[in-house]
Amino acid sequence: MIDNRFAPYGALALRVALGVMFIAHAYLKLAVFTVPGFAGFLGQVGLPSFLAWPIILAELIGGLAILTGFYGRYVSVLLLPVLLGALFVHAPNGWVFNAPNGGWEYPAFLALAAFAHALIGDGALALRPAGVPVNAKPALA
């Protein structure tokens, strides 16, 4: 049973958590790992290093779109390959994320959370909820 009074706010909480997580990971790659460092990491795990900027921009712009509810559920679907790629990279490291080079449970959880967001919708306070006509009056709940 879904409580229709609070479900939009649960979707909002999920959307905010996902958006902030994507933005934080983009910032981590820019400020801590640096773009050349992240590109080198991608090369070490067998991925093309030129993917560094597209991944960072996808996380940053996608995170902002999800956070604000600007077609967020569609963006969550579009970012699933990034999360599944992270899952693939971290899978050999084991279960716990504090394992050397990080475990696979965190990317797996985030991929499922993004999938759930895509199914549930953007929730309350979304700027442009996916699936709502452009001329429709936005609702708070």
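Just above sits the structure.
From a predicted model like this one, the values you see are computed outputs, not experimental measurements.

Tell me about the overall build of the protein, residues and numbers included.
Looking only at helices and strands, one finds 5 helices and 0 strands in the protein. Element order for the protein, N to C, with α for helix and β for strand: α-α-α-α-α. Along the first, second and third principal axes, the C-alpha set of the protein runs to 50 × 30 × 20 Å. The buried share of the protein, reckoned over its 141 residues, is 33%. The contacts in the protein between residues at least 6 apart in sequence include a share of 61% that link residues at least 24 apart. Surface accessibility of the protein: about 8300 Å² in total, with carbon and sulfur atoms responsible for 75%. Seen as two clouds, the 6 positive and the 4 negative side-chain charges of the protein have centres 12 Å apart.

Requested: an account of the layout of surface pockets, with residues and values cited.
Its volume calculated, the largest pocket comes out at about 570 Å³. Forming the walls of the largest pocket are 25 residues, and the residues nearest its centre are Lys-29, Phe-38, Phe-41, Ala-86 and His-90. Counting only elements with at least two residues in the lining of the largest pocket, the list comes to helix H1 (7-33), helix H2 (35-44), helix H3 (52-68), helix H4 (72-90) and helix H5 (105-120). The element contributing the most residues to the lining of the largest pocket is H4, with 7 residues. Looking at side-chain class alone, the lining of the largest pocket contains 19 nonpolar, 4 polar and 2 charged residues.

I'd like a rundown of H2, residues and numbers included.
Three or four residues apart is the spacing at which side chains of an α-helix point the same way, because the helix has 3.6 residues per turn. Of all the residues in H2, the buried ones are Val-35, Phe-38, Ala-39 and Leu-42. Angular distribution of buried residues about the axis of H2 spans 100 degrees; they occupy a single face of the element. Those residues of H2 that are exposed and aimed more than 90 degrees away from the buried face are Pro-36 and Gln-44. At its buried positions, H2 is contacted by H1 and H3. The opening residue of H2 is Thr-34, an N-cap whose side-chain oxygen sits 3.1 Å from the backbone nitrogen of Gly-37. Looking one or two residues beyond H2, the residue adopting positive phi is Gly-46, at roughly 90 degrees.

Run through the environment of Ala-39, naming residues and quoting values.
Mapped onto the secondary structure, Ala-39 falls in helix H2. Take Ala-39: its relative accessible area is 15%, and that puts it in the buried class. Among residues more than four places away in sequence, those in contact with Ala-39 are Ser-49 and Ala-52.

Mind laying out the pattern of salt bridges, listing which residues take part and the relevant values?
What the rule picks out here adds up to 2 salt bridges. In this structure, Asp-3 and Arg-5 form a salt bridge, with 2.8 Å as the shortest nitrogen-oxygen distance. For Asp-3, a relative accessible area of 33% puts it in the partly exposed group. Linking Glu-59 and Lys-29 is a salt bridge whose minimum nitrogen-to-oxygen distance equals 3.1 Å.

Definitions and cut-offs
Residues numbered from 1 in each chain as written. Predicted model: local features only at pLDDT ≥ 70, side-chain atom pairs only at ≥ 80, totals over all residues. Heavy atoms only, no water. Helix = DSSP H or I, 4+ residues; strand = E, 2+ residues; numbered from the N terminus. Buried < 20%, exposed > 50% of the residue type's maximum accessible area, 1.4 Å probe, protein only. Contact = heavy atoms within 4.5 Å. Areas by Shrake-Rupley, 256 points an atom, 1.4 Å probe, with all protein chains shown as cover. Lys, Arg positive; Asp, Glu negative; His and termini not counted. Charge placed at Lys NZ, Arg CZ, Asp CG, Glu CD. 1 Å grid on protein atoms, 1.4 Å probe; cavity = no way out; pocket = protein on both sides within 12 Å on 5 of 7 lines; lining within 4 Å. Points joined across faces, edges and corners; volume = space filled by probe spheres on them. Nonpolar A, V, L, I, M, F, W, Y, C, P; charged D, E, K, R; others polar. Arc of directions from axis to C-beta. Polar contact = N/O pair within 3.5 Å; in protein donor to acceptor, adjacent residues only side chain to side chain. Salt bridge = Lys/Arg side-chain N within 4 Å of Asp/Glu carboxyl O.

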